Amino acid sequence: MKKYILQSIRLTAVLLVLLCVIYPLIVAFAGGFSKGKGGGEKITKNGQVVGYALLGQSFTKAQYFWGRPSAVGYNAAGSAGSNKGPSNADYLKEVSNRADSLLKYHPYLKRTDIPADMVTASGSGLDPNISIEGASIQVKRVAAFRHLDEAAVADLVKTHIQGPLLGLFGPSSVNVLELNLALDELKAK
Amino acid sequence: MNTELLGIIATYLLTLAIAIPLGKYLAKVFAGEKVWTDFLKPVEKGIFKLSGINTNEQMNWKQAMKAMLTINLVWLVYGFFVLLNQDKLPLNPDGNPGMTPDLAFNTIISFVVNCNLQHYSGESGVSYLTQHVVLMFLQFVSAATGLAAAVVFFKAFRDKTTATLGNFWEYFVKSITRLLLPLALIMAIILAFSGTPSSYEGKDQFISLQGDTVNVSRGPAAGFIAIKHLGTNGGGWFGANSAHPLENPSYFTNMVELIAQVILPIAMVIAFGYFIRKRKLAWMIFGVMTIGMFLLLIPTVSSELGGNPAIAKMGISQLSGAMEGKEVRFGPAISGYWSTVTTIISTGSVNSMHDSTMPLTGLWQLLGMMINAFYGGCGVGVLNYFIYLIIAVFISGLMVGRTPEFLGHKVEAREIKIAAIITLLSPFLILAGTALSSYVFMAHGDAAWAVQPKNWLNNPGFHGFSEMLYEITSSNANNGSGFEGLGDNNVFWNVTSGFILFLGRFLPIIGPVAIAGLLGAKKYIPESAGTLKTDTMTFSLMTFAVILVLNALSYFPALALGPLAEYFTLIK
């Protein structure tokens, strides 16, 4: 027994060096060659960092495309889903209210036009994407607010569709931050 | 065929394409045969020398289990100390506090037992030091513990009669050097190049496009996420686990993480067959496990794609399926696949919030964890399955009126007793634990804990009951996923689930290893016309029936009170 204890302690010490010093340092070194140099890829506009490529942000103003509801308000210091169960009455009321609020700002829509992702909170609270339908229903509002040609904005959405992986696997989506950055550019023209 | 379903099929096929050759490789590694990774031998020799271990020393099953328990105990003590004092230790750029004793108790057990149930949130609850030298360290070594225990078990059936089962330390270290570490390195680098942070920079701050000030938690996550999946651990670097865009940036990384968590459990089944030179038996076991998985997978994906009937009633379009708690870049189909995989194999990482999945999905998730043997956890999956198999041998033996045998060894009262105790342990822990928590919730709602029992549940009614049932089931299965709405960081949940985690880990390892050790030491009886063959289709069906009947009898009432009741209220 005493032999096992000593062996255990020594083995633990050796493995701590291998697994907790050598391994992460190799990964950190290799990661230094990635796009974000290991700190996460940032997006800059006029030299200012305006966000992380992978992280969704809160868009509430009328001139922008909006993202999904978030349980953490897109504050990336934390992350969480709502954890609301499918039969929770308060939750269902909230979903219905979100739909009503969308209808208020997009009076040209019917409820059946609203895709589920626009009225439900994401898993991380930081979802950077919305569905294609989620972007399409906002085109008219955004174009009207910015006095832009509706077709031009619709085209912009179309060019920002991220298709399935290799064209074969998974869903299509639109990255809200990228779309809004391009939208700001469109205005400048 | 739509692209989301195609994604599931491709992911599963790629998994097999990697897991099957890996299984053959593992059999060779553990048998000490020549393999191309033998260039690592000097590294292993160095490790053994520094640790004072002589790998020629043969252990019987008791010695192997003693070695296993001893080193696990060392990790418990060491890790508990670090968790309590992480605020005073270096590498804490975000200034996170030390853990309370009950939270540290829960967390350390949870990571030692390969469960990774997390009652803290990664961003605010642990320092980078803790993430590395406790949590990630344990993700490696707990997986290696499971693998090594499984190999000790394999060894009992390799030769006709044997009392010694090899050297636990050798299997343990080889699991790391020949398998976990190289694979983790490859995967971590893939993740780092897909956008997962890997450097030691702390929190960042920026002004968003519309002018909000946003903080961003980061840190060296890539290496952690790699081993969290390969070792079927599942604990997230960030609170939202693999739903977090930095932890799982794209559909591609999602496939990588999905494949990574299943390859070792499948490979170990294949390795079993090659190691004991009974390949047909392994393929039969693999077949039963695969059928079991698909029986859980198909209804899960279909219920998620169907969407929430209550939201459908509002007239909202659910073209893609149920979206609450899901990420758009993954979609409901592969999220459903993930939820099946992560519950049957005890990873417990999530890419969508299980608390928000449809009631029937919750049912299949719970059932997957209750059965806990369709592929199962790293190494322990085979051990769990073996218990069902022994029960099936026993029942079949009774049916045909012969002394039951397994691989040429008589299965007698002692072995059956062990198998029966292990079989009964799960329902006992799950049902007693859920009953206790339900009682506390009802009768002591105002108890002055960090979260008062009356505020535990994030959802009312049947779903609230499911939250408690899920937490206990996940603890017993060493799974680690949760219906995360549950307010679980308080003394009751930390202590209760801590004990269940511990018992649910070590007894189901020791039991099968003991049975194997006892059987292996018995006289070998050559196969005759009267032998009950265990590698046939008929016997596989029998095992499958045993799995179904045992679990249905044990858990149907609890499942009826939770997810089933919720389902019927939702569709009415």
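All of these numbers come straight from a predicted model, not from anything done at the bench.

Rules used throughout
- Residues numbered from 1 in each chain as written.
- Chains lettered and ligands numbered in written order.
- Predicted model: local features only at pLDDT ≥ 70, side-chain atom pairs only at ≥ 80, totals over all residues.
- Helix = DSSP H or I, 4+ residues; strand = E, 2+ residues; numbered from the N terminus.
- Rg over C-alpha atoms; globule rule 2.2 N^0.38 Å.
- Buried ≥ 20, exposed ≤ 12 C-beta atoms within 10 Å, placed from the backbone.
- Contact = placed C-beta atoms within 7 Å.
- Pairing = 2+ DSSP bridges.
- Nonpolar A, V, L, I, M, F, W, Y, C, P; charged D, E, K, R; others polar.
- Expected span 1.5 Å × (residues − 1).
- Core = buried A, V, L, I, M, F, W, Y, C linked by C-beta atoms within 7 Å.
- Axes fitted to C-alpha atoms, helices over the stretch in contact; angles between N-to-C directions.
- Parallel < 35°, antiparallel > 145°, perpendicular 65-115°, else oblique.
- pLDDT = per-residue confidence, 0-100.

## Here we look at the overall build of chain A
In terms of helices and strands, chain A carries 6 helices and 5 strands. Walking chain A from its N terminus toward its C terminus, one meets helices and strands in the order α-β-β-α-β-α-α-α-β-β-α. The C-alpha atoms of chain A give a radius of gyration of 23 Å, which is well past the 16 Å a tight globule of 189 residues would have. Going through the 189 residues of chain A one by one, you find that 48% of them count as buried. Partitioning the contacts of chain A with sequence separation of at least 6, the portion at a separation of at least 24 is 52%.

## Notes on the pairing of strand β1 (residues 204–207) of chain B
All names here are of chain B. Strand direction decides the pairing type here: β1 and strand β2 (residues 213–216), joined by 4 bridges, are antiparallel. Note on β2: the bridge partner recorded for Ile207 is Thr213. Hairpin connection, β1 to β2: the antiparallel pair is bridged by 5 residues, and Gly211 has positive phi, about 100 degrees.

## Brief notes about the interface of chain B and chain A
Contact residues are listed per partner, giving 100 residues for chain B and 91 residues for chain A. When the residues that make up the side of chain B that touches chain A are grouped by side-chain class, the tally is 52 nonpolar, 34 polar and 14 charged.

## Here's the deal with helix α13 (residues 359–371) of chain B
Residues and elements named next belong to chain B. Across its 13 residues, α13 extends 18 Å between first and last C-alpha, which sits within 8% of the 18 Å expected from 1.5 Å per residue. In terms of burial, α13 is a largely internal element, 13 of the 13 residues being buried. Immediately downstream of α13, the backbone of Asn372 shows phi near 55 degrees, a positive value.

## Thoughts on the nonpolar core
Residues and elements named next belong to chain B. The biggest cluster of nonpolar side chains holds 237 residues, and the ones touching the most others in it are Val152, Leu180, Ile390 and Val513. With 18 residues, helix α6 (residues 128–155) is the single largest residue contributor to this core. Residues in contact with Val513, not counting those within four places in the same chain, are Trp61, Ala64, Met65, Ala149, Val152 and Phe153.

## Considerations on the environment of Leu264(B)
Residues and elements named next belong to chain B. Structurally, the position occupied by Leu264 is in helix α9 (residues 251–275). Residue classification places Leu264 among the buried residues on the basis of 30 C-beta atoms within 10 Å. In this structure the C-alpha to C-alpha distance between Leu264 and Trp456, which are 192 residues apart in sequence, comes to 36 Å. With near-sequence residues (within four places) excluded, Leu264 lies in contact with Leu230, Thr232 and Cys378.

## Re the packing of helix α15 (residues 413–443) of chain B against helix α17 (residues 491–520) of chain B
All names here are of chain B. It is the contact of α15 with α17, at a shortest axis distance of 9 Å, that shows an interaxial angle of 170 degrees. By the angle class used here, α15 and α17 are roughly antiparallel. Contact residues: Arg414, Glu415, Ile418, Ala419, Ile421, Ile422, Leu425, Leu429, Gly433, Leu436, Ser437 and Val440 in α15; Phe492, Thr496, Ile500, Leu503, Gly504, Leu507, Pro508, Gly511, Ala514, Ile515, Leu518 and Leu519 in α17. Its residues assigned to classes, the contact of α15 with α17 shows 17 nonpolar, 5 polar and 2 charged.

## What about the confidence of the model for chain A?
Per-residue pLDDT for chain A has a mean of 91; in total, 98% of the residues score no lower than 70. Across chain A, element-level confidence peaks in strand β3 (residues 129–130) of chain A with a mean pLDDT of 96 and bottoms out in helix α6 (residues 176–188) of chain A with 86.

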